[in-house]
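In case you want the letters, here they are:
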Amino acid sequence: MSQIQQRKDDHLRICLEEEVGTEVSTGLGGFRLEYDALPEIDLEEVDLSVEILGRRLQAPLLIGSMTGGSPWAGEINHRIARVAERLGLGMGLGSQRAMLKDPTLADTFAVRKTAPELPLLLGNIGAVQLGLGVGLPELQQIVQSTEADALFFHLNPLQEAIQPEGDTQFRGLWRKMHEAIQAIGVPCVAKEVGSGISERTAEKLARLPLAGIEASGVGGTSWARVEAYRAPAQSTSAVLGQRLRAFGTPTAESILHCRKHFPTRLVIGSGGIRTGMDIAVALALGADVVALAQPVLQAATQSEDALESFLRELIHELKVLCFCTGASDIAALRKVRLLPIGRHHA
Ligand SMILES: Cc1cc2nc3c(=O)[nH]c(=O)nc-3n(C[C@H](O)[C@H](O)[C@H](O)COP(=O)(O)O)c2cc1C
């Protein structure tokens, strides 16, 4: 097995077996949706569907970018895609760098072969790879071979700095992203991987011709921490990955920065989204749609049915929250008032 395949499997195993969260919360729990005891709508009439990047989803939910690049990762990707197709949800692929290095791994990302009706699929590549051998032909290859509708560029300087073999040449990246986004011909979305988008970053990204941005804030999976587990015990990477595991912008704050600087573009709320209430608060803070990664992996490794039940329950929770806030659709939910958590909460 190549180094890159091994790394993909290490990431999956660590995210399933270790504590990869942080002591810092998303901040979403600091808000309370305004409850309405006289909603004057029927639960059954609540419509959760949204249009994202020109595609209709049955609920404002994406499966976060995670994996691909090894046989195990491929199995998980295809399983997730079938469930997302059945529920009418969008899906992000994990970094496709592995298939550029080894084309035999392309099938581990080609989920539309098993889920042709998947309503929205986003490809994924690290932005830093633009300086390291990934040019327009490679970008076109990762989009075309998977029939992706759009492409994520992930930004992960903290993870790369902790990873012993990480790529840390970020100088000049804004300009390279600008050229790539203009040339590629599909909508591009920038994302973090769990350290969030600060005001400073949002400002810079807003000057790129991006279709949208994903918050991926602190409060969920910490990639500094994941890399700490992968590194040899007591090594600098292991120590710093643990020490810096909560560095970054918490999810609630990250969503606010993204919305402020991308007022009319797509904003995906992510990083520690775990419940229907997290989804509802993220939307009311300004996200158009949310993404969940680690909990989806957890359920998907149990079985396809387990993943489907997990997602159906989450979607139903969101529907109940719409009903109890008087929101007959997602546009209305996004306008529900958020109140600061009062003294009655522990
Ligand atoms: C197993 C796993 C692999 C991931 N791989 C990628 C990746 O290849 N590219 C990427 O942009 N983000 C990747 N992520 C980050 C997620 O897309 C997401 O931003 C982050 O995990 C925070 O969401 P969560 O708290 O719901 O897990 C990965 C996450 C997990 C759990």
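Before any of the text, the structure's been laid out above.
Residues numbered from 1 in each chain as written. Predicted model: local features only at pLDDT ≥ 70, side-chain atom pairs only at ≥ 80, totals over all residues. Heavy atoms only, no water.

Undergrad: Would you explain the overall build of the protein chain in this entry?
TA: If you tally the helices and strands in the protein chain, you get 14 helices and twelve strands. The C-alpha radius of gyration of the protein chain comes to 19 Å, within 12% of the 20 Å expected for a compact globule of 346 residues. Taking the principal axes of the C-alpha coordinates as reference, the protein chain spans close to 60 × 45 × 40 Å. Expressed as a percentage of the 346 residues in the protein chain, the buried residues total 58%. The contacts in the protein chain between residues at least 6 apart in sequence include a share of 78% that link residues at least 24 apart. Working note: accessible area of the protein chain is about 14,600 Å², and carbon and sulfur atoms make up 50% of it. In the protein chain, 34 side chains carry a positive charge and 40 a negative one; their mean positions are 7 Å apart. (Helix = DSSP H or I, 4+ residues; strand = E, 2+ residues; numbered from the N terminus. Rg over C-alpha atoms; globule rule 2.2 N^0.38 Å. Buried < 20%, exposed > 50% of the residue type's maximum accessible area, 1.4 Å probe, protein only. Contact = heavy atoms within 4.5 Å. Areas by Shrake-Rupley, 256 points an atom, 1.4 Å probe, with all protein chains shown as cover. Lys, Arg positive; Asp, Glu negative; His and termini not counted. Charge placed at Lys NZ, Arg CZ, Asp CG, Glu CD.)

Undergrad: What's the story with the pattern of salt bridges in this structure? I'm lost.
TA: When the charged atoms of two side chains lie near each other, side chains of opposite charge can form a pair. Counted under the stated rule, the structure contains 21 salt bridges. With its nearest N and O atoms 3.5 Å apart, the salt bridge here joins Glu44 to Lys319. A residue pair is termed long-range when its members are at least 10 positions apart, and Glu44 in the loop between strand E1 (31-33) and strand E2 (50-52) and Lys319 in helix H13 (residues 304-323) qualify at 275 residues. Overall, Glu44 belongs to the exposed group, its relative accessible area being 60%. For Lys319, a relative accessible area of 17% puts it in the buried group. A salt bridge links Asp107 to Lys113, with the shortest nitrogen-to-oxygen separation between them at 3.0 Å. Salt bridges sharing partners connect three or more residues here, namely Arg7, Asp10, Arg13, Glu165, Glu227 and Arg230. (Salt bridge = Lys/Arg side-chain N within 4 Å of Asp/Glu carboxyl O.)

Undergrad: In this structure, what is going on with helix H1 (residues 3-17)? I would like to understand it.
TA: Residues that lie three or four places apart on an α-helix share one face, since the helix turns once every 3.6 residues. For H1, which comprises 15 residues, the first-to-last C-alpha distance of 21 Å matches the rise-based estimate of 21 Å (1.5 Å per residue) to within 8%. Ile4, Gln5, Arg7, Lys8, Asp9, Asp10, His11, Leu12, Ile14 and Cys15 are the residues of H1 that are buried. Check the buried side of H1 and you find it contacts helix H2 (71-87), helix H3 (97-101), helix H5 (157-162), helix H8 (223-230) and helix H12 (294-302). (Expected span 1.5 Å × (residues − 1).)

Undergrad: What am I meant to see in the site of the ligand here?
TA: Lining the immediate surroundings of the ligand are 22 residues, of which Ser65, Ser95, Ser216, Thr221 and Arg274 lie closest. Lys191 is positioned with one of its side-chain polar atoms (N or O) 2.9 Å from an oxygen atom of the ligand. Between the ligand and the protein, one listed contact pairs an oxygen atom with a backbone N or O atom of Ala293 at 2.9 Å. When contributions to the shell around the ligand are tallied by element, the ones reaching two or more residues are H1 and H12. Across the shell around the ligand, the residue classes break down as eight nonpolar, eleven polar and three charged. (Near = heavy atom within 4 Å. Polar contact = N/O pair within 3.5 Å; in protein donor to acceptor, adjacent residues only side chain to side chain. Nonpolar A, V, L, I, M, F, W, Y, C, P; charged D, E, K, R; others polar.)

Undergrad: Would you explain a nonpolar patch on the surface in this entry?
TA: A contiguous nonpolar surface patch, about 320 Å² in accessible area, is contributed by Val239, Leu240, Leu244 and Phe247. Its location among the elements puts Phe247 in the loop between helix H9 (236-243) and helix H10 (251-261). (Patch = residues over 30% accessible without salt bridge, like charges linked within 9 Å, V, L, I, M, F, W, Y side chains within 5 Å.)

Undergrad: Where do I start with H8 in this structure?
TA: With six of eight residues buried, H8 is to be regarded as a mostly interior element. Where H8 is buried, its residues meet H1, H5 and H9.

Undergrad: Looking at this structure, I do not really get the nonpolar core. What am I missing?
TA: Where a protein is soluble and globular, its nonpolar side chains tend to be buried together. Judged by nonpolar contacts, the single largest core of 104 residues is most densely connected at Leu139, Leu151, Phe153, Met177, Leu205 and Leu311. With residues near it in sequence (within four places) discarded, Leu139 still touches Ile125, Leu130, Val134, Leu151, Phe153, Ala180 and Ile184. (Core = buried A, V, L, I, M, F, W, Y, C linked by side-chain atoms within 4.5 Å.)

Undergrad: Help me understand the sheet that holds strand E9 (residues 212-214) in this model?
TA: Whether parallel or antiparallel, the strands of a sheet pair through hydrogen bonds between backbone atoms. Ordered by their spatial adjacency, eight strands build a closed barrel running E4-E5-E6-E7-E8-E9-E10-E11, and the pairing between neighbours is parallel. Averaged over all pairs of adjacent strands, the angle between strand axes in this sheet comes to 25°, irrespective of strand direction. Here strand E7 (residues 150-154) pairs with strand E8 (residues 188-191) via four bridges, running parallel. When the sheet's bridge partners are listed, Phe153 is paired in E8 with Ala190. Packing against the sheet, H2 makes contact with strand E4 (61-63) and strand E5 (90-92), and its axis sits at approximately 160° to E5. (Pairing = 2+ DSSP bridges. Axes fitted to C-alpha atoms, helices over the stretch in contact; angles between N-to-C directions.)

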